[in-house]
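So you can see what is in the structure, the chains are spelled out below.
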Amino acid sequence: MIQLLSLPHEVILQILQHLPSSSLLACISAHPTFERLIVTSSFLDSHARRTLGLPDKRDSDVKYELLPDVKNPQMKLWFLAHNAMLSIHDHSKSFIKDGGLFFLLECLRHSQLTWLVQAVSPQKMYVDLYGAKHVSSELMFQYISHLPKGVIQVLTKLTLAFPRVLTWTILSTCFSLHRGRPAQLKDLWHEGFSEEFRTKFDPEFCMEIICGQTTESFAKLAAMAVLFCEKNFVVWTGSVAQFPGCKFEETWTLVCLDMSSDVTTIAEKCGDAIYNLEQRTTPEENVNSQWKRQNFYPGVCHDLHQAYRSDVIASIHKKQIQVSDLLGGTLQHRHKLKTASIPDLLTAEIFLHNIYATLKQNQRHLESRRGLHDHSPQTIRRCVEQQVGAWFRDDILPYVTDHETHQVLCRRCGQLWFPSRVSIEQCVAQFASDPLLPYELWPLHTLVDAKSVLTAACQLLSVVNII
């Protein structure tokens, strides 16, 4: 590291630009010099553009601080579960956490990549990835490797300009990206576009999305198509007949743009078209069937990472017992806990002090009632378990109480093919009032966090016992 830091800062920046976000986080923790170089607006902007595949100067309007927030809890859970699985597989502690540096960027990138993969070949992806235990971004890139770079860049800019399109269409029942002219939306090419337009514009690729029923009639479906040729792309919105077979009915808007258009231009030119499409589409129920969820990207289904969850939960139980046993010998030596500089150890130190405070409060309560002193192993273990649950409860609760993420986490609700809103609300209400949520309901990333904190707590307590 010393040899690396002796290099000119310009050279170090060039090296850092080619590192993934998780490695940059590790660099920030490793040395203050790296932090000063990385946590700057110019570096973050450049890293964001490179991560999203938009490194050209004409995309300078893509800035780190202007990235749209991924507000959908399910999208965040997908990324956090994927990220946690990668950290387990790679034995890495530098995984990206909710609310931290690079979280918004990486969550957005993962969601966009998942969106594209789902459009290209959902059934093949489902078969290939469902049995995989390690789903990397590189594996997902293989599914879109045949797409031209310009097509991927335009669709990335489209989701940056209208993030609602991504969260709105990612679970669409009809969503495809393929070579040639429109195929899913029947007769769109011949009846939806004029003869003059068809003469000048011959699409090489086409994305087709059926967004849902229109607000005007249940027999009509709101649809969107993006057609790409060498220099231009076209965004079409309109309606198709639900019966028979998604046949073209009406064009609402038609926008033609240059393939090199930046995000600002796309947002200005397509804003009315996307807004009109959203307003004329009936909102879909938040509760989705099991079939619909499982035919989407399986890297977030509980079936895939259940093996990881079971292993992590077993490790947490062992670490809790280990912490409890070590605590029994350190209750009189609390002052020996050293101030830690490593993030995990610092968190563990605060965690242990909270346990000490709880045990002391319990001791006073017992002495005031019965004049007893109780630091039995059972009491300490119960205190550790309660502290772990309280420490992570605020992180877990948003995912447990959201209907879509609840179905991923709750095995009882997830096994239902067509769960009713009432049954899910009753289950959510039950767990929302529970002060200690069972580990089986915890998202994978919080389980990994809990294991890290308990591991660090064991390290601190071992040092105290040696002293």
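Residues numbered from 1 in each chain as written. Predicted model: local features only at pLDDT ≥ 70, side-chain atom pairs only at ≥ 80, totals over all residues. Heavy atoms only, no water.

Q: Just checking my understanding: could you explain the nonpolar core for this structure?
A: Note that soluble globular proteins tend to have their nonpolar side chains buried in a common cluster. Core analysis: the largest hydrophobic core is formed by 102 residues, its most contacted members being Trp-115 and Met-207. Ranked by residue count, the leading element in this core is helix H7 (residues 103-120), at ten residues. Among the nonpolar cores identified, the runner-up in size contains 19 residues, and Leu-185, Ala-225, Cys-229 and Val-234 belong to it. (Core = buried A, V, L, I, M, F, W, Y, C linked by side-chain atoms within 4.5 Å. Buried < 20%, exposed > 50% of the residue type's maximum accessible area, 1.4 Å probe, protein only. Helix = DSSP H or I, 4+ residues; strand = E, 2+ residues; numbered from the N terminus.)

Q: Looking at this model, I keep getting lost on a nonpolar patch on the surface. Mind explaining?
A: A grouping of Leu-4, Leu-7, Val-11 and Ile-15 is seen on the molecular surface, where their side chains present a nonpolar patch of about 270 Å² in accessible area. On the secondary structure map, Leu-4 appears in helix H1 (residues 2-5). (Patch = residues over 30% accessible without salt bridge, like charges linked within 9 Å, V, L, I, M, F, W, Y side chains within 5 Å. Areas by Shrake-Rupley, 256 points an atom, 1.4 Å probe, with all protein chains shown as cover. Salt bridge = Lys/Arg side-chain N within 4 Å of Asp/Glu carboxyl O.)

Q: How should I be thinking about the side chain of Ser-324 in this particular structure?
A: Along the chain, Ser-324 falls in helix H16 (residues 302-328). Residues in contact with Ser-324, not counting those within four places in the same chain, are Ile-380, Arg-381 and Val-384. (Contact = heavy atoms within 4.5 Å.)

Q: Sorry if this is basic, but what is going on with the packing of aromatic side chains here?
A: Aromatic ring pairs are defined here through the distance separating the ring centres and the angle between the ring planes. One pass over the structure, following the stated rule, counts eleven aromatic pairs. On the basis of an interplanar angle of 50° and a centroid distance of 5.8 Å, the ring pair of Phe-392 and Trp-442 is categorised as tilted. Of this pair, Phe-392 sits in helix H18 (residues 377-401) while Trp-442 sits in the loop between helix H21 (421-432) and helix H22 (444-466); the two residues are 50 residues apart in sequence, bridging distant segments of the chain. Here a set of aromatic residues connected by ring pairs shows up, and it is made of Trp-189, Phe-193, Phe-197 and Phe-201. (Phe/Tyr/Trp six-rings, centres within 6.5 Å; stacked < 30°, edge-to-face > 60°.)

Q: I would appreciate a short explanation of the pairing of strand E4 (residues 232-241) in the present structure.
A: Looking down a regular strand, the side chains alternate between one sheet face and the other. Of all ten residues in E4, nine are buried; the element is thus mostly enclosed. Two strands pair when backbone bridges link them, and strand E3 (residues 220-228) and E4 are joined in this way by nine bridges, in the antiparallel orientation. The residue of E4 that forms the bridge with Met-224 is Thr-237. As consecutive antiparallel partners, E3 and E4 are separated by three residues. As paired strands, E4 and strand E5 (residues 247-258) are joined by ten bridges and run antiparallel to one another. (Pairing = 2+ DSSP bridges.)

Just distances and angles here, no functional claims.
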